[in-house]
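Read off the chains here:
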Amino acid sequence: MLFVLLSGCLSAQSGNSTADKLNLSNNETGKITLQGLTFNTQVQPSLEAAKAQGKPVFIYARSQVCGWCKKFEEETFTNQTVIKKLNENFILVSIDVYDQRTESTDLRVRGTPTEIFLNENGIEIKRIPGYTETQLFLDTINEIIK
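These numbers come from a predicted model, not from an experiment. (Residues numbered from 1 in each chain as written. Predicted model: local features only at pLDDT ≥ 70, side-chain atom pairs only at ≥ 80, totals over all residues. Heavy atoms only, no water.)

Trainee: Can you tell me about the overall build of the protein, naming the residues and giving the values?
Mentor: Within the protein, the regular secondary structure consists of six helices and seven strands. Of the regular secondary structure in the protein, the N- to C-terminal order runs α-β-β-β-α-β-α-α-β-α-β-β-α. When each of the 146 residues of the protein is scored for burial, the buried share is 38%. Contacts spanning at least 24 positions in sequence make up 64% of the contacts within the protein whose residues lie at least 6 apart. (Helix = DSSP H or I, 4+ residues; strand = E, 2+ residues; numbered from the N terminus. Buried < 20%, exposed > 50% of the residue type's maximum accessible area, 1.4 Å probe, protein only. Contact = heavy atoms within 4.5 Å.)

Trainee: Can you tell me about the pairing of strand E7 (residues 124-129), naming the residues and giving the values?
Mentor: Two strands pair when backbone bridges link them, and strand E6 (residues 114-118) and E7 are joined in this way by five bridges, in the antiparallel orientation. Bridge assignment links leucine 118 to a residue of E7, and that residue is glutamate 124. (Pairing = 2+ DSSP bridges.)

Trainee: Run through the nonpolar core, naming residues and quoting values.
Mentor: Counting residues in hydrophobic clusters, the biggest one holds 21 residues, and the most contacted among them are Phe39, Phe58, Phe77, Leu86 and Phe137. Breaking this core down by element, the ones donating at least two residues are strand E2 (31-34), strand E3 (37-40), strand E4 (57-62), helix H3 (67-76), helix H4 (80-89) and helix H6 (134-145). The element that contributes the greatest number of residues to this core is H6, accounting for four residues. Beyond its immediate sequence surroundings of up to four residues, phenylalanine 58 is in contact with Phe39, Phe77, Leu86, Phe90, Ile91, Leu92, Val93, Glu115, Ile116, Phe117 and Phe137. Grouped together as the second largest cluster of nonpolar side chains are 14 residues, Ala50, Ala61, Val109 and Leu118 included. (Core = buried A, V, L, I, M, F, W, Y, C linked by side-chain atoms within 4.5 Å.)

Trainee: Help me get a handle on H3, residues and values and all.
Mentor: The complete set of buried residues in H3 reads Cys69, Phe72, Glu73 and Thr76. Taken end-on, H3 shows its buried residues confined to a sector of 95°, consistent with a single buried face. The secondary structure elements touched by the buried residues of H3 are E2, E4, H4, E6 and H6. (Arc of directions from axis to C-beta.)

Trainee: Residue-level account of the environment of isoleucine 91, with values.
Mentor: Its location among the elements puts isoleucine 91 in strand E5 (residues 91-96). According to the relative accessible area criterion, isoleucine 91 is buried, its value standing at 9%. Once the C-alpha coordinates of isoleucine 91 and asparagine 40 are considered, the two residues, 51 residues apart in sequence, prove to be 8.2 Å apart. Excluding its chain neighbours within four sequence positions, the residues that come into contact with isoleucine 91 are Asn40, Ser46, Ala49, Ala50, Gln53, Lys55, Pro56, Val57 and Phe58.

Trainee: Go over the environment of serine 104 with me, naming the residues and quoting the values.
Mentor: Along the chain, serine 104 turns up in helix H5 (residues 101-106). Note: C-alpha distance between serine 104 and alanine 61 (43 residues apart in sequence) is 7.6 Å. Ignoring sequence-local partners within four residues, the contact set of serine 104 consists of Ile95, Asp96, Val97 and Val109.

Trainee: Hey, could you go over the pairing of E4 for me, with residue numbers and the actual values?
Mentor: For E4, a buried count of six out of six residues is recorded, marking the element as mostly surrounded by other parts of the structure. Both faces of E4 are covered, namely the face carrying Val57, Ile59 and Ala61 and the face carrying Phe58, Tyr60 and Arg62. Taken together, the six bridges between E4 and E5 define a ladder with parallel strand orientation. Across the sheet, tyrosine 60 pairs through a bridge with serine 94, a residue of E5. Taken together, the five bridges between E4 and E6 define a ladder with antiparallel strand orientation.

The structure is reproduced here in structure tokens:
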């Protein structure tokens with residue numbers, strides 16, 4: 001039984017070091033790269049940037065252990081149209097629901113993945129709880145930037 005517990009701890013530790021080796025997150029710069037997109041990891045400075053630039057905010061709530069998050073990232077964040085539209089039209093933020101519990105609570109995130117769109121004043125425009133197929137996500141982006 002002790003072996004099983006230790007195995008779980010070792011697996012969790014190796015999972016973290018794997019993420020570090022892949023350079024998915026850089027806490028020093030407050031950025032995380034997921035597939036073809038680079039996200040801010042701090043909400044408040046991103047809201048200030050959105051107001052200054054007159055752009056809406058896209059917040060992606062995820063966790064490193066979420067299988068649906070990985071599927072969404074692999075399918076949607078590699079789509080060139082999605083990448084272009086998000087980069088040109090939004091301030092991008094990603095929060096890890098386990099590492100950023102206060103932000104998750106403030107944003108009322110109940111599960112992962114959750115995609116939240118805010119206007120430049122920080123008011124919620126649309127929320128998509130759960131996995132979303134790429135075309136539906138792209139339709140949502142297009143609706144928001146019109």
